[in-house]
Every structure is written in C-alpha cells, then in structure tokens.
Amino acid sequence: MPVLPSRGGNVMAGSYHRYAGGAVTILLAAARSGAHAVHAGAVGTGPNGDIVLAALAADGIEVSAPPVPDLDTGVCVVLVEPTAERTFVTTQGAERAITAQSLQTSDPQPGDLVCVSGYSLLGRTRDPLVEWLEGLPDGVVVVLDPGAAFVEADARVRDTVLGRTDVWTGNADEADALAGVRGIREAAQVVAGMLRPEAVTIVRDGPRGCLVREGSDQVFVPGHPRRPVDTNGAGDTHTGVLLAERAAGLSWTDAAARANAAGALKVTRRGPDTAPTRAEIDAFLAGRPA
C-alpha cells in the first residue's frame, strides 16, 4: 500500500497475495535449515487450511493433529507500506481449536525444542496450551517467542509460562515492554531474571543484530542491514533458523549469527514464506549472491 487509509477512507493497494504465515513461517525457516519440524497446532478445513497444509507439505513438515472439521483457519490481513512497515488485522478460526490432547499428538521428547507464540496465550488457546506446557517431560526445551501480545496476557499465565521457559527470543520492543525498562542490554537483564537461572535470553534489534544472554554473559551478534521490501515474517524466520541451528549442535551465539543472516535475506523478499535455505545463508555469509 502507498499509505494507510484514514478512518473511513480508501486507498488503492498495488497488489495482494495469500500466504500461509504465523507459525508456518517459523516451521518453514527451521525446515529449510535442516530441522525436522512438526506443527503441533490446529489447522482448519477449507481454503485457508488448504493453503497452510500445502505450504507445510512442500517443505516436508509434519502436521500432528487431524484437521478441525467444519471450521476454516482464520486470516490475518497485513498492510505493507513502502517503508516495509506492517499493520495487522487478525481474525480467529480453527487455529484456536486446540486441546492439551491435540497438542500432545506432536509427542515432544527430551532434547526437542518446543516453540510457543505469545499470541496463543490469549483467548481460548491459553488454558489448553498452559496445561500442555506444564505436563511436558523434563528435558523438553521450551522456547517462547512472545510477540507484542505477551504483555497483555494474564499476570498469572505470564508467570507460569516464564517459569517454564528455557529460551526467550523476541524483539527489542517486546523486551522493553515486558521488562519495563528501555535499552536492549538492560531489558535483557530484567527478562532473564524472570526465567529459569540457566535460561537463554535473545533480543533482536532489527538490522543491527541481536543480543544473546546466557547466565550473566551477554554477546551482541551484529546484523546485516539491507533495504527492506517486506518485514513480514522476518522475526519468525530468525526464530526458525535459530532453533534449527541450535538443534544441529551450534552454540546459541553461532545459531544467532546464522539467524541474523536469514533475517537479512528475508526482508529483501516479499511474503512471510520466503525464508532462505541453508545453502542461501551459507552463500550470503560467504559474500556470494544468494
């Protein structure tokens, strides 16, 4: 869009496209970096659900729970401005129809990484998700990608989820909002204090890179500034690659370096489903055309 419409107004968009996004973006990014990825959430029955299933199948990603009958997946309308800034309007559909039992069809085992979105801690997904998290086996690594919605969650729910979180990965604004202080290092320190003593805190700072905090050690991993055309899905791409590389045995700092490169590639491509492959990240880091 050239500009957002004023209230009651109208703007002619240059184009529109339909993509599978949200959790799908994280899963695609992880799978394209070599991870065995499983979608534990709910997918609807209908044209929207078909888009989700096709996108996951194309990259070999499993869907553990059966489709929700007679209800389609909801949509998120994303308005992208020339600056690549996004504005969202979200509906809710079959993706909210989860239970602790449906999530458990993914069967996570010790050593597996379970990624949780803060947006799922609002509405009717909240209680079954928290119930499932509390019942996970020891050794399952819980990764929280809070999103802007996490600070809006019930305080009791926030404390419960933070107490079970092994890795917190969000952007600087999300860290500031949760910590109540400004500054990437200061906010990371406060957020880390809300987690388990051995937990990892990662704060993304856009094209500048990200901060990785393990215990009392903090390392800033530089980014790769690029002129963006679409930032939709950049954070999710970062999360997916980060977890895939950690699952492959890299340190959190080395995994974050590759995730930064993936995010830089992603913002130069339109759509949330354009996460790079491992070979493209290798080429980028080597200074070759991706």
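Our subject is the structure listed above.
First, a word on what this report is: a plain description of the structure on this page.

1. Digging into the sheet that holds strand E9 (residues 209-214)
The sheet built from 6 strands is open, its strands ordered E5-E6-E7-E8-E9-E10 with mixed pairing. Looking at strand neighbours, the two that pair on one side only are strand E5 (113-117) and strand E10 (217-222), the edges of this open sheet. Strand-to-strand twist in this sheet, taken as the mean axis angle between neighbours without regard to direction, amounts to 15°. Pairing geometry for E9 and E10, over 6 bridges, is antiparallel. In the strand pairing of E10, Val 212 is matched with Val 219. Here helix H6 (residues 172-179) sits on the sheet in contact with strand E7 (167-171) and strand E8 (200-204), set at roughly 115° to E7.

2. Brief notes about a nonpolar patch on the surface
Residues Val 75, Val 77 and Val 89 make up a contiguous nonpolar surface patch of about 210 Å² in total accessible area. Inspection of the secondary structure puts Val 77 in strand E3 (residues 76-80).

3. A word on the pattern of salt bridges
Applying the stated rule across the entire model yields 12 salt bridges. Of the charged contacts, one joins Arg 156 and Asp 154 as a salt bridge, the two residues approaching to 3.8 Å between their closest N and O atoms. Looking at Arg 156, the relative accessible area reads 54%, which means it is exposed. Look at the salt bridges and you will find they share partners, linking Glu 245, Arg 258, Arg 278 and Asp 282 into a network.

4. Quick look at helix H4 (residues 126-134)
Among the residues making up H4, those that are buried are Pro 128, Leu 129, Val 130, Trp 132 and Leu 133. The secondary structure elements touched by the buried residues of H4 are helix H3 (100-104), E5, strand E6 (141-145) and helix H5 (155-163).

Rules used in this analysis
- Residues numbered from 1 in each chain as written.
- Predicted model: local features only at pLDDT ≥ 70, side-chain atom pairs only at ≥ 80, totals over all residues.
- Heavy atoms only, no water.
- Pairing = 2+ DSSP bridges.
- Helix = DSSP H or I, 4+ residues; strand = E, 2+ residues; numbered from the N terminus.
- Axes fitted to C-alpha atoms, helices over the stretch in contact; angles between N-to-C directions.
- Contact = heavy atoms within 4.5 Å.
- Patch = residues over 30% accessible without salt bridge, like charges linked within 9 Å, V, L, I, M, F, W, Y side chains within 5 Å.
- Areas by Shrake-Rupley, 256 points an atom, 1.4 Å probe, with all protein chains shown as cover.
- Salt bridge = Lys/Arg side-chain N within 4 Å of Asp/Glu carboxyl O.
- Buried < 20%, exposed > 50% of the residue type's maximum accessible area, 1.4 Å probe, protein only.

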